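Okay, here's what each chain looks like letter by letter:
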Amino acid sequence: MRMSFSKSYLFVYNSLQAFGWTIACFRVFSSFVSTHSLNGAYASAGELIFFLQIVAFLEVIHGALGIVPSGVLFPFMQWAGRTHFLFFVHNLVEVQELPSIFITFLAWCLSEVIRYPHYALNSIGNCPSWITYLRYTTFIVIYPIGLAPGEMWLMYQGLPFAKKNNLYAGFFAALPFSYYDFVRVGLVFYPFLWFNLYLHLLKQRRSKLGKHHEKKK
């Protein structure tokens, strides 16, 4: 049976993302093993992860076009949060060797080397149940680790440098607040926005794993 164009496209897209994140994961681990340090994660995998994350905006478009059932809001929230984090790190060399980068990248990589193969195989209707289980279970631990000691702690550590460097001063010149203020307020609301995404994933978990359990019966 021939696959539709959209299914073929989704298989190729998700397979390429899975391949890219596998390489990124290998680089992060290799840097740690070779240097016995958490400080080299950005230097070893930062550019690749940046590229993969920018390309991931396609997933927002996929939802908008209706070729996947994810919708737009939650994919955009995740994409925007990660992309802002990467721009933050990219523009502040002072934070690029902090251990929080390693924690964040490791959490992202472990999540994506499960998520993208699941999407790729699911798009062709041939996804093993154990991959589905991992997809909708591992995030319970991985996401909080990536958030608290990873993304949020890194941005908190970077606040003094953002203020010192007057980051994005040109863009914020017409606004009544600076980028430094924006990040401070963002750190307050970030856990609440993230928690909505987390609850959404828990709801998905109940739905997806419930369906697999019914099929086994």
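Keep in mind that this is a model prediction, so the values were computed, not measured. Each residue is numbered by its place in its chain's sequence as written, counting from 1. The predicted origin of the model limits local features to residues at a pLDDT of at least 70 and limits the giving and counting of side-chain atom pairs to 80 or more, whereas totals for whole chains, interfaces and linings rest on all residues. With hydrogens and water set aside, each side-chain value is computed from the structure's full complement of heavy atoms.

Here the focus is the overall build of the protein chain. A run of H or I in DSSP counts as a helix once it spans at least four residues, and a run of E counts as a strand once it spans at least two, with each numbered from the N terminus. Each helix and strand counted, the protein chain has nine helices and zero strands in total. Going from the N terminus to the C terminus, the protein chain shows its helices and strands as α-α-α-α-α-α-α-α-α. Note that the radius of gyration is over C-alpha atoms, with the globule rule given as 2.2 Å times the number of residues to the power 0.38. Taken against the 2.2 N^0.38 rule, which gives 17 Å for 217 residues, the C-alpha radius of gyration of the protein chain at 18 Å falls within 12% of a compact globule. When a residue's accessible area, from a 1.4 Å probe over protein chains only, is under 20% of the maximum for its type it is buried; when over 50% it is exposed; and in between it is partly exposed. Scored against the burial criterion, the 217 residues of the protein chain give a buried share of 40%. Residue contacts are defined here by distance: any two heavy atoms, one from each residue, within 4.5 Å place the two residues in contact. Long-range pairs, those at least 24 residues apart, make up 77% of the contacts in the protein chain with a sequence separation of at least 6. Methods summary: accessible areas were calculated by the Shrake-Rupley approach with a probe of 1.4 Å, and residue burial reflects only the protein chains presented. Accessible surface, the protein chain as shown: approximately 12,200 Å² in total, 69% of it carbon and sulfur. Counted charges follow a simple rule, with Lys and Arg positive, Asp and Glu negative, and His plus the chain ends left uncounted. Here the site of a charge means atom NZ of a Lys, CZ of an Arg, CG of an Asp or CD of a Glu. Charge separation in the protein chain, taken as the distance between the mean sites of 17 positive and 8 negative side-chain charges, equals 15 Å.

Moving on, we come to the packing of helix α5 (residues 99–123) against helix α7 (residues 139–164). Between α5 and α7, the shortest axis-to-axis distance is 8 Å and the interhelical angle comes to 150°. In this structure, α5 meets α7 at a crossing whose hand is left-handed. Side by side, α5 and α7 meet where Ser100, Ile101, Ile103, Thr104, Ala107, Trp108, Leu110 and Ser111 of the first sit next to Ile142, Tyr143, Ile145, Gly146, Pro149, Gly150, Glu151, Trp153, Leu154 and Gln157 of the second. In this count, Pro and Cys sit with the nonpolar residues alongside Ala, Val, Leu, Ile, Met, Phe, Trp and Tyr, while Asp, Glu, Lys and Arg are called charged and the others, Gly among them, polar. Tallied by class, residues from the contact of α5 with α7 come to eleven nonpolar, six polar and one charged. Helix axes use the C-alpha atoms of the stretch in contact, all axes being lines fitted to C-alpha atoms, and the angles between their N-to-C directions lie in the range 0 to 180 degrees. Whether a crossing is left-handed or right-handed is set by the direction in which the near helix is turned from the far one by less than a right angle, anticlockwise for left-handed and clockwise for right-handed.

Interaxial distance between helix α4 (residues 73–90) and α5 falls to 13 Å at its minimum, and their mutual angle equals 145°. Once α4 is placed against α5, the crossing between them reads as left-handed. Contacts between α4 and α5 pair Arg82, Phe85, Leu86 and Val89 from the former with Ile101, Thr104, Phe105, Trp108, Ser111 and Glu112 from the latter. Here the residues of the contact of α4 with α5 are counted per class, giving six nonpolar, two polar and two charged.

With that settled, the discussion passes to the state of the cysteines. Cysteine pairs can be covalently joined through their sulfur atoms, and such a bond is termed a disulfide. The disulfide definition used here is simple: a pair of cysteine sulfur atoms within 2.5 Å. Under the definition given, this model contains zero disulfides. Cys25 takes part in no disulfide bond, and the closest cysteine sulfur, belonging to Cys109, lies 4.7 Å away. Taking the relative accessible area as the measure of exposure, Cys109 reaches 0% and is therefore buried.

Right, let's get into the UniProt feature "transmembrane region" (unreviewed entry) in the protein chain. Residues annotated by UniProt as "transmembrane region" (unreviewed entry) correspond here to residues 9–29, 49–74, 139–159 and 179–199. As a span, residues 9–29 carries 100% helix and 0% strand, and end to end its C-alpha atoms are 30 Å apart. UniProt positions are given in the numbering used here, feature names are shortened, and annotations may be inferred rather than shown by experiment.

This part takes up the nonpolar core. By size, the foremost hydrophobic cluster in this structure holds 50 residues, and its most contacted members are Trp21, Ile49, Phe85, Phe88, Ile101 and Phe105. At the level of elements, α1 (5–35), α2 (41–55), α4, α5, α7 and α9 (179–216) are the ones that each hand at least two residues to this core. Ignoring sequence-local partners within four residues, the contact set of Ile49 consists of Trp21, Ala24, Leu86, Phe105, Trp108 and Cys109. What makes a nonpolar core is a set of buried Ala, Val, Leu, Ile, Met, Phe, Trp, Tyr and Cys residues whose side-chain atoms join them at distances within 4.5 Å.

Quick look at the side chain of Glu151 now. Counting through the fold element by element, Glu151 comes out in helix α7. The charged side chain of Glu151 is buried without a salt bridge, its nearest counter-charge being Arg82 at 5.4 Å. Within polar-contact distance, the side chain of Glu151 engages the side chain of Trp108 at 3.2 Å. Once you skip the residues sitting within four places of it in the chain, Glu151 turns out to touch Phe85, Thr104, Trp108, Gly146 and Tyr190. Within this document, salt bridges are pairs made up of a side-chain nitrogen of Lys or Arg and a carboxyl oxygen of Asp or Glu, the two lying within 4 Å of each other. Here a polar contact means two N or O atoms within 3.5 Å. Within protein one must be a hydrogen donor candidate and the other an acceptor candidate, and residues neighboring in sequence count only if both atoms are side-chain atoms.

You can see His62 is positioned in helix α3 (residues 58–65). Of the residues examined, His62 reaches a relative accessible area of 4% and is grouped as buried. With residues near it in sequence (within four places) discarded, His62 still touches Tyr9, Leu10, Tyr13, Ile67 and Val68.

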